[in-house]
Structure formats: structure tokens, C-alpha cells
Amino acid sequence: MASSSSSPSSSSSSSVIGDSLDELTCPVCLELYKEPITLPCGHSFCCVCLEKRWKSREEVAGCVCPNCLEVFAQKPKLKKNVIIANLVEKLKKTEFELGVEALDAEHGVNVKKEMKPGGTESYCDLCNGEAAKRCLPCEIICCVQHLKLHRQKGHRLVEPGVKIEELRCNEHGKPMQLYCKDDGSLMCLMCTGGQHQNHNVVAMEIAHAEAKDILDEKHARVSQSMQSMTSQLQQVQEEEEQTQQSGRVAEDMLEERRREACQFVNESVDLMKSHINKSKMEKLSLLGKQREKLEQQMESLREGKVTLQTAIQELEASSFLQGCKDLLKRLESMSDFKSAKTPLTVLDFSKEEKNLDVLVKLNKDFLEKIQKGLVTSSEGSVKHPEVVKMDRIKLRSLHGQTPSLDPNTALPAIVISQDLRTATLTETEHPYPEHPDRFYFHPQVLSTESFSSGRHYWEVDVNLSRYFKIGICCNSMGRKGPGNACRLGENPKSWCIRKFKSQYTAWHNNQWTFLFVPGNPERFGFLLDCEAGEFKCFADSHVLHVFRGDFTDHVKPAFGIYAAGESIQFCSF
């Protein structure tokens, strides 16, 4: 291993190198000659330095030696000074050997012993091991082991593949250590006095740190944008899936509608055909009887005609006269062959034709409404308003009824109309008789009817009420107490729609769901399907909410009125 102290030979070599540096240094760039040339006056310069000097001076009288200022009328022919060039190469070689010895002492290894031939950018210049970084001040490539001291000294390190020439100033050949913010370019220390004078110049490391901070901020923003975009993409994908599902549900619903429409048309046509066939058979029966009567009359007339012909042609005068009296009596007993002509009547099917026209028009109107706005359906059973309207018309005709209020259940402050359809809350109590079904704390009233099977549809007019509850409750729901057990929608035995301050909610078992109700509907519809376990609520042409539960226990329609002077009533169909 080489010692850290310099040997005599190395000291003498260093002295030789120091003396040679002055003789082999270009007086223009103050560095070792690069392609040295010698002018006729005997002074030597770097070829590039001399050319730049002459070009920058733009001498009109000729070329001037930068050292002795001798003027040459014509530009001398520049030839390479081979002797100086060889001396420079030998000096560089000596410097490298001394540098290796110094590195040998600095790194604590025998560099010469570990050197291997064929070192490249992929290998360490000291041991030919795998390259890690290039040290710019030392201009060598180091492995991880030899890089430690350079890191400790704060040397600038770059990737092994970076060319040192690329990190030097093209104009001055010095290492680029500064960054001009105004021009956005790298520069050396000598550039500060040139075109970059008075510019905003910072150290390269500071510029690198600032640029890195900006890029880190941009990276964070890009990452945030990507995250937001990913969320939006996920939402779009979810909407695509929901659209696919909604489309399938809508198609299935339309197929069901088509089957229902076809069934309705078939049943209607069959019914009209049955009416037509019945009328036809009745008419044919009547015509058959008329035909038989006419055939009998025809036969009597035929017999009379034959008798008359025989009497006229064959009988003698005496025989004719003797039988003429009897023949006239026989003719009088026959049907009158001069009977009035029976008018021909045609069956009247105008009623069936009108019914068929109505059926065709209904289907045409329904088709036009579907074409104007496609019928949609989702898991929430959302339908086109026209479909809901037709459903409600059908429900009225098939399952519609008008319940009556039970005065024995009304709070004493509630007045029931004589037709038992309207309930009004007053500010005074009325002397109702005590009854086990009566509410004594809550302004509520039930219907007389109770349901435990089948399908039942009714409608409620709330035009005169701003704060109410309408729904159903089990007949076994509490009546006497002030607690939730006796209040509509706040126990397991009641289901209702509530309106308060223009907001609508669905209540059951003291749990509520906010409802979107467009406008301010004056009428609500309710369909109770006991077997299906559904209690469906309508508002105008919208399905508001669907309650699901066990409705096989006896349940009754129910009102709750909470503002004095307001009324609720059952609608009649």
C-alpha cells in the first residue's frame, strides 16, 4: 500500500511538473496547450484560442500576436507544434501517474496493483470495478468503494455516462457551476462578466433544488389530477353498468307491458267476438223460425195451386160446382198468400266497432307517449308518468274503493263528516263516548275497513292539510298511551307518509326516509298488496315509496292531522 506521505521521487516529479506547467500553458486560456501552434514570432498558442482571439478582435491591419503584438500583414499558415504537443502528453501522463499514487494513498489501496486494462464508462478508473458515479472535480469514474471519500468532501457527482466535455462551458472551457434564470442556461464563473452580467444567476445546486421543488409540486398536482380522473373514470364505469342494468330492466318491463297489452287486446277482441257471435246466433235463430213459417206457407200455397189447377182443368161442370164450395173453404183456411213482405234487418255491430276503435286509439296514444319519452325502470321501480297514470286508472277500475272513517277511533278533537269520508281537526273536544279503539293522545283516526288479504287501492285528498300523516296501521296498534307505540309511523305496526313544512318523509318503526316529491300534490294513492307484502304510495304520476312487510295481520287505512282547522278525506271513484 502506498504511504500517505510523498516520496522523494514524487516530490521531485511534482517540482518538474510545476516548472513545466508555465512553459506548456497557453497565454490566452491559461491552460495546457490544446493543438498548440507557433507563430513566426516564436510565441505559441492553442489553435482554437488564437482563432477566437483574431476573430473577436476583427483586425483590419492584419493578424496580431497576442503576446508581443507583432503584426502580420497576411495570416500566417498555422501548423501544429509537435514538440509542445508531445511535451503536453508526457506531462498529462506524469500527472496521471502522480494522481494514481495520490489516490493510492488517499483511498488506502494499491491502485496500480488493482488496475485492469480496458477501463470504460462502465468501470471504475481506479480498480476497474463496476462504475457508480463520475466525480467532476477529480474527473474520474469511481466504484461504490472509491466514491465514499468524494461524497465526504462534497464533490459534485454525476452518472458515469455523462461526458465531462458536456459539463464544461463551450466558450471558456471551465466547469459549469452556475445557472442563469433569465436565459435558462448553464454557465461557468467566467460567463458572469459577459452576456450574463446583471442576470439572476444562482448556483447550479440551488437551481436544481428549486427546479426539483417545482417538479415535485407539479408531480403532486398531476398525481392529484390522476386520482380525481380515476375517480371520475370509476363513476363513468359505474354509470355505464347502471345504464346497462337500467336498459335491461326497461326492456324486461316493456316485454311485460307488451304481454299485458297483447293479453288485454286478445281478451277485448275475444269478448267482442263473443258478443258478435251471440247476436249472430240470436239473429240466425229468429231468421230460421221465419224461414220455417214461410216454407209452411209456401207449401200450403203450392197445395192450393195444385187443387185449383185440377178443379179447373179436370172436373166437369156438375162435379166442379158440387166441390167448389168445399174448395173455397179449404182455400180460406190456408195461410194468406198475400201476407206483407218481412223487412230485411241487418245486425248492428256499431257498439263493438266503437269499442274496437277506442282500444286501437288507446294503444296508439300509448305508443306515441312511449316514442316521445322512453319508459324507464330501475330497482326503485321508477316509471314514466304516463305509465303510472295508466296503472292508477287500471288500479281504480280493478281494486279501487272508498274506505269510510270509524268515529269510534277518532281523537275527541276530530270531527267526522256524515258521509264518513272527511276528518277535520278542531280546537275543542267533542263528547264522544268512550271506546277501546279510540285515540286519546294523538290526533289520529282509522277506517272502518280492515284488510288481511287481496289487493286494495284507495286515494286521499290532502288539499286542505299542510301537516299530516297518511298510511296504514295494524288493528292491534296501541291507542291509549302518548308514546311511540300509539303514534303512526313510529312503531313496528304502522307505515305512513308524513308532510311537515313542505318536506315529505316515509316512516316506519321510528325510521324515516326523505322523499323527493315534485310540486305540491293534492291527492295521494295507496295500493296494499297483502300477498306480495307491499304497500305502495303514489303522488300524482309518481311512485313515491314502497313499504315492504307482513300485511297478513288486519291493517286499516289511517289519518293523522296535526293543525287545527285542516282536513283530510277519502276520495270517491
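Reading guide: rules and limits
- Residues numbered from 1 in each chain as written.
- Predicted model: local features only at pLDDT ≥ 70, side-chain atom pairs only at ≥ 80, totals over all residues.
- Heavy atoms only, no water.
- Helix = DSSP H or I, 4+ residues; strand = E, 2+ residues; numbered from the N terminus.
- Areas by Shrake-Rupley, 256 points an atom, 1.4 Å probe, with all protein chains shown as cover.
- Pairing = 2+ DSSP bridges.
- Polar contact = N/O pair within 3.5 Å; in protein donor to acceptor, adjacent residues only side chain to side chain.
- Contact = heavy atoms within 4.5 Å.
- Phe/Tyr/Trp six-rings, centres within 6.5 Å; stacked < 30°, edge-to-face > 60°.
- Buried < 20%, exposed > 50% of the residue type's maximum accessible area, 1.4 Å probe, protein only.
- Lys NZ or Arg CZ within 6 Å of the ring centre and 35° of its normal.
- Arc of directions from axis to C-beta.
- Patch = residues over 30% accessible without salt bridge, like charges linked within 9 Å, V, L, I, M, F, W, Y side chains within 5 Å.
- Salt bridge = Lys/Arg side-chain N within 4 Å of Asp/Glu carboxyl O.
- Axes fitted to C-alpha atoms, helices over the stretch in contact; angles between N-to-C directions.

> Any chance you could break down the overall build of the chain for me, citing the residues and the numbers?
Assigned secondary structure in the chain consists of nine helices and 23 strands. Approximately 36,600 Å² of the chain is accessible, and the part contributed by carbon and sulfur atoms is 53%.

> Describe the pairing of strand β12 (residues 422–425), naming the residues involved and giving the relevant values.
Bridge count between strand β11 (residues 414–416) and β12: three bridges; the pairing is antiparallel. Bridge pairing in β12 places I416 opposite A423. What sits between the antiparallel neighbours β11 and β12 is a turn of five residues, in which L420 has the positive phi angle 60°. Sheet topology places β12 next to strand β23 (residues 567–570); three bridges connect them, and they run antiparallel. Bridging across to β23, T422 finds its partner in Q569.

> Describe the side chain of H456, and please don't skip the residues or the numbers.
Of note, H456 is situated in strand β14 (residues 455–461). Here Q401 takes part through its side chain, which lies 3.1 Å from a polar atom of the side chain of H456. H456 has contacts with H399, Q401, F451, F526, L527 and L528, leaving out every residue within four places of it along the chain.

> With reference to specific residues and values, describe the packing of aromatic side chains.
Following the criterion strictly, the structure yields twelve aromatic pairs and no others. Taken together, a centroid distance of 5.6 Å and an interplanar angle of 10° make the contact between F526 and F535 stacked. Of the residues examined, F535 reaches a relative accessible area of 0% and is grouped as buried. Residue placement shows K469 over the ring face of W507; its charged tip is 5.8 Å from the ring centre.

> How would you summarise helix α5 (residues 144–152) if you had to cite specific residues and measurements?
Regarding α5, the residues found buried are H146, L147 and H150. In a view along the axis of α5, the buried residues occupy a sector of 100°, so they form one face of it. What points out from α5, more than 90 degrees from its buried face, is the exposed set V144, Q145, K148, R151 and Q152. A positive backbone phi angle near 75° is found at G154, which sits one or two residues after α5.

> I'd love a proper account of a nonpolar patch on the surface, names of residues and values included.
On the surface, M281, L284 and L287 cluster together into a nonpolar patch covering about 270 Å² of accessible area. Examined against the element boundaries, L287 turns out to sit in helix α6 (residues 204–313).

> How would you summarise the sheet that holds strand β17 (residues 503–508) if you had to cite specific residues and measurements?
Ordered by their spatial adjacency, six strands build an open sheet running β13-β22-β15-β16-β17-β18, and the pairing between neighbours is antiparallel. The sheet terminates laterally at β13 (444–446) and β18 (511–515), the two strands that pair on one side only. Strand-to-strand twist of the sheet, defined as the mean angle between neighbouring strand axes without regard to direction, takes the value 20°. One ladder, built from five bridges, connects β17 with β18; its direction is antiparallel. Bridge pairing in β18 places A506 opposite T513.

> Summarise the side chain of R479; cite the residues concerned and give the values.
Topologically, R479 is positioned in the loop between β15 (468–474) and β16 (494–500). Given the relative accessible area of 6%, R479 is considered buried. Only 2.9 Å separates the side chain of R479 from the backbone oxygen of N475, close enough to count as a polar contact. Apart from the residues lying within four places of it in its own chain, the contact partners of R479 are T409, P436, D437, R438, F439, Y440, L446, C474 and C486.

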